[in-house]
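Here is what each chain is made of, one letter per residue.
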Amino acid sequence: MFHLTLKFMEYSLVQRGNPAKPTAAKKWYAQSVSTRKVPIRDIANRINQISTVSVPDTIAVIESLLTVLPEMLGEGAIVELGDFGSFRTVVSSEGTETPEEFTAAQIKNVKILFRPGKLVKQAVENAPQTLVKSA
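Residues numbered from 1 in each chain as written. Predicted model: local features only at pLDDT ≥ 70, side-chain atom pairs only at ≥ 80, totals over all residues. Heavy atoms only, no water.

1. Quick look at the overall build of the chain
Phase 1 of the analysis: Tallying secondary structure elements over the chain gives three helices and six strands in all.
Phase 2 of the analysis: Taken from N to C terminus, the helices and strands of the chain fall in the order β-β-α-α-β-β-β-α-β.
Phase 3 of the analysis: A compact globule built from 135 residues should have a C-alpha radius of gyration of about 14 Å, whereas the chain, at 21 Å, is more than 25% larger.
Phase 4 of the analysis: In terms of overall dimensions, the chain has a C-alpha envelope of 60 × 45 × 25 Å along the principal axes.
Phase 5 of the analysis: When each of the 135 residues of the chain is scored for burial, the buried share is 13%.
Phase 6 of the analysis: A total of about 11000 Å² of accessible surface is found on the chain, and carbon and sulfur atoms cover 57% of it.
Phase 7 of the analysis: For the chain, the centre of its 16 positive side-chain charges and the centre of its 13 negative side-chain charges are spaced 14 Å apart. (Helix = DSSP H or I, 4+ residues; strand = E, 2+ residues; numbered from the N terminus. Rg over C-alpha atoms; globule rule 2.2 N^0.38 Å. Buried < 20%, exposed > 50% of the residue type's maximum accessible area, 1.4 Å probe, protein only. Areas by Shrake-Rupley, 256 points an atom, 1.4 Å probe, with all protein chains shown as cover. Lys, Arg positive; Asp, Glu negative; His and termini not counted. Charge placed at Lys NZ, Arg CZ, Asp CG, Glu CD.)

Laid out in structure tokens, this is it:
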């Protein structure tokens, strides 16, 4: 089993109103801050450092995963990646009074949902939080 530890999780504060209560006072909320984007080559280099798999082979496997994952989701599958987590599709739609009235036109949004596994949950829960300057 792999061990995942987040070194830190940065957040800023943002002021938001409650859409259900437009006259209510705004409150301050934490908002996570991403520090950088990591390109696929950097991921492959990091994997190469901890394994015997070459950078080009790692990139090939990641690219293959990125090809088959949407195909499997399109087939209605839940794609499990062990303790990392799983991906599945979810839909939202308008409601109808009866099942007979419902058509595919009522479907308004299709999203991919990531459900973190033990590995990711534990890392996020145990990460020290650091407040950064708010925007």
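2. As for the side chain of Ser 86
Phase 1 of the analysis: Relative to the helices and strands, Ser 86 resides in strand S4 (residues 85-93).
Phase 2 of the analysis: Among residues more than four places away in sequence, those in contact with Ser 86 are Ile 78, Val 79, Glu 80, Leu 113, Phe 114 and Arg 115. (Contact = heavy atoms within 4.5 Å.)

3. Describing the sheet that holds strand S1 (residues 9-16)
Phase 1 of the analysis: Across the sheet, which stays open at both edges, the three strands sit in the order S2-S1-S6 with mixed pairing between neighbours. Sheet topology places strand S2 (27-32) and strand S6 (129-131) at the edges, where each strand pairs with a single neighbour. Pairwise comparison of adjacent strand axes, ignoring direction, gives a mean angle of 40° for this sheet.
Phase 2 of the analysis: Pairing geometry for S1 and S2, over six bridges, is antiparallel. Paired with Leu 13 across the bridge in S2 is Ala 30. (Pairing = 2+ DSSP bridges. Axes fitted to C-alpha atoms, helices over the stretch in contact; angles between N-to-C directions.)

4. A look at the pattern of salt bridges
When the charged atoms of two side chains with opposite charge come close together, those side chains can pair.
Phase 1 of the analysis: One pass over the full model with this rule turns up one salt bridge.
Phase 2 of the analysis: Across the pair Lys 108 and Glu 94 runs a salt bridge whose closest N-O atoms are separated by 3.9 Å. A residue pair is termed long-range when its members are at least 10 positions apart, and Lys 108 in strand S5 (residues 107-116) and Glu 94 in the loop between S4 and S5 qualify at 14 residues.
Phase 3 of the analysis: The partly exposed category is assigned to Glu 94, whose relative accessible area is 42%. (Salt bridge = Lys/Arg side-chain N within 4 Å of Asp/Glu carboxyl O.)

5. Here we look at the environment of Arg 41
Phase 1 of the analysis: In this fold, Arg 41 is placed in helix H1 (residues 40-50).
Phase 2 of the analysis: Residues Arg 41 and Thr 58 lie 17 residues apart in sequence; the distance between their C-alpha atoms is 8.9 Å.
Phase 3 of the analysis: Look past the residues within four positions of Arg 41 in its chain and what remains in contact with it is Val 55 and Ile 59.

6. Some points on the packing of aromatic side chains
Phase 1 of the analysis: Summed over the entire model, instances satisfying the criterion amount to two aromatic pairs.
Phase 2 of the analysis: Ring geometry for Phe 87 versus Phe 114: centroids 5.0 Å apart, planes at 45°, classification tilted. Of the two residues, Phe 87 sits in strand S4 while Phe 114 sits in strand S5, which places them 27 residues apart along the sequence.
Phase 3 of the analysis: Taken together, the ring pairs connect Phe 84, Phe 87 and Phe 114 into an aromatic cluster. (Phe/Tyr/Trp six-rings, centres within 6.5 Å; stacked < 30°, edge-to-face > 60°.)

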